Amino acid sequence: MSTLEEHIDVGVPIDTAWDGLHRLENYPHFVAGVHGAYTEAGGRARLDVEAGGQTRQFAAEVSDRGDERVMEWRTTSAPELTGSFSLQPIDRNHTRVQARLEYDPDTVRETFGGPRGFAQANVIERLVRSDLEQFKEYAESEYVER
């Protein structure tokens with residue numbers, strides 16, 4: 001398994017960032033390839049993702065450690081992925097969002113396509129970084145509109 005950790009500082013209070021990460025229906029606004037995201041009963045979620053030129057559906061279990069501001073998730077079907085979002089307050093109006101992703105590079109390549117080895121790790125790192133940048137823009141624009 002490979003592990004990737006990235007973080008970004010967002011210009012919103014921690015409660016706003018936390019709420020933004022929990023509105024799965026808004027994931028298509030900031031997660032590349034996600035065309036639909038749905039909350040289901042029992043801490044389950046479903047995402048419609050376009051990858052490798054195909055639309056695929058992924059199911060996941062989502063759990064919170066709200067007192068710690070950590071949201072964890074894991075896929076319940078192939079490919080096996082686990083991850084988390086951890087939030088830390090910087091000050092009253094700024095939050096650090098850390099994303100952690102654990103994945104098997106070969107399984108990800110087989111599922112989504114793409115290069116092998118180091119080149120694939122760079123692609124995944126860029127995607128996660130881009131998703132965090134998009135979340136920052138989304139959360140900050142939503143916060144200003146309130």
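Residues numbered from 1 in each chain as written. Predicted model: local features only at pLDDT ≥ 70, side-chain atom pairs only at ≥ 80, totals over all residues. Heavy atoms only, no water.

**Q** Would you explain the overall build of the protein chain in this entry?
**A** Check the secondary structure of the protein chain and you find 3 helices and 7 strands. Sequence-ordered secondary structure for the protein chain, helices as α and strands as β, is β-α-β-β-β-β-β-β-α-α. Since a compact globule built from 146 residues should have a radius of gyration of about 15 Å, the 15 Å found for the protein chain is in line with a globular shape. Here the protein chain holds 146 residues, and 36% of them are scored as buried. Expressed as a percentage of contacts within the protein chain between residues at least 6 apart in sequence, the contacts between residues at least 24 apart total 49%. Mean positive and mean negative side-chain charge positions of the protein chain (16 and 27 charges, respectively) differ by 1 Å. (Helix = DSSP H or I, 4+ residues; strand = E, 2+ residues; numbered from the N terminus. Rg over C-alpha atoms; globule rule 2.2 N^0.38 Å. Buried < 20%, exposed > 50% of the residue type's maximum accessible area, 1.4 Å probe, protein only. Contact = heavy atoms within 4.5 Å. Lys, Arg positive; Asp, Glu negative; His and termini not counted. Charge placed at Lys NZ, Arg CZ, Asp CG, Glu CD.)

**Q** Looking at this structure, how should I read the packing of aromatic side chains?
**A** Any pair of aromatic rings gets described here by the distance separating the centres and the angle formed by the planes. Tallied over the entire structure, the rule returns 3 aromatic pairs. Consider the rings of Phe30 and Phe135, whose centres lie 5.0 Å apart with planes at 70 degrees: the pair is edge-to-face. One end of the pair, Phe30, is in the loop between α1 (14-22) and β2 (34-40); the other, Phe135, is in helix α3 (residues 117-145), with 105 residues separating them in the sequence. Here a set of aromatic residues connected by ring pairs shows up, and it is made of Tyr27, Phe30, Phe135 and Tyr138. (Phe/Tyr/Trp six-rings, centres within 6.5 Å; stacked < 30°, edge-to-face > 60°.)

**Q** How do you make sense of the sheet that holds strand β3 (residues 44-51) when you look at a structure like this?
**A** Two pairing modes exist for strands in a sheet, parallel and antiparallel, and in both the strands are linked by backbone hydrogen bonds. Strand order in the open sheet formed by 7 strands is β1-β7-β6-β5-β4-β3-β2, and the pairing between neighbours is antiparallel. Each having just a single partner strand, β1 (2-10) and β2 make up the two edges of the open sheet. Geometrically, the sheet is characterised by an average inter-axis angle of 20 degrees between neighbouring strands, direction not taken into account. Bridging between β2 and β3 involves 6 bridges; their strand directions are antiparallel. Bridge pairing in β3 places Gly36 opposite Asp48. Set on the sheet, α1 makes contact with β4 (54-65), β5 (70-75), β6 (81-91) and β7 (94-103); between it and β6 the angle comes to about 160 degrees. (Pairing = 2+ DSSP bridges. Axes fitted to C-alpha atoms, helices over the stretch in contact; angles between N-to-C directions.)

**Q** Explain the confidence of the model for the protein chain here, please?
**A** The predicted coordinates of low-pLDDT regions are not to be read in fine detail. In the predicted model, the protein chain carries a mean pLDDT of 88, and 90% of its residues have values of at least 70. Mean pLDDT across the secondary structure elements of the protein chain bottoms out at helix α2 (residues 105-112), with 71, and peaks at β6, with 96. (pLDDT = per-residue confidence, 0-100.)

**Q** Can you help me understand the nonpolar core in this one?
**A** A general trend in soluble globular proteins is that nonpolar side chains are found buried together. Among the nonpolar cores identified, the biggest contains 33 residues, and Tyr27, Phe85, Leu87, Val97 and Phe135 are the most heavily contacted of them. If you list the elements that add at least two residues to this core, you get β1, α1, β2, β3, β6, β7 and α3. It is α3 that contributes the most residues to this core, 6 residues altogether. (Core = buried A, V, L, I, M, F, W, Y, C linked by side-chain atoms within 4.5 Å.)

**Q** Would you take a moment to explain the pattern of salt bridges for this structure?
**A** Oppositely charged side chains can form a pair if their charged atoms are brought close together. Following the criterion strictly, the structure yields 13 salt bridges and no others. A salt bridge links Arg100 to Glu5, with the nearest nitrogen and oxygen atoms 2.2 Å apart. On the criterion of sequence distance, the pair formed by Arg100 in strand β7 and Glu5 in strand β1 is long-range, its members being 95 residues apart. Under the relative-accessibility criterion, Arg100 is labelled partly exposed at 30%. The partner of Glu68 in a salt bridge is Arg65, with the nearest N and O atoms 3.2 Å apart. (Salt bridge = Lys/Arg side-chain N within 4 Å of Asp/Glu carboxyl O.)

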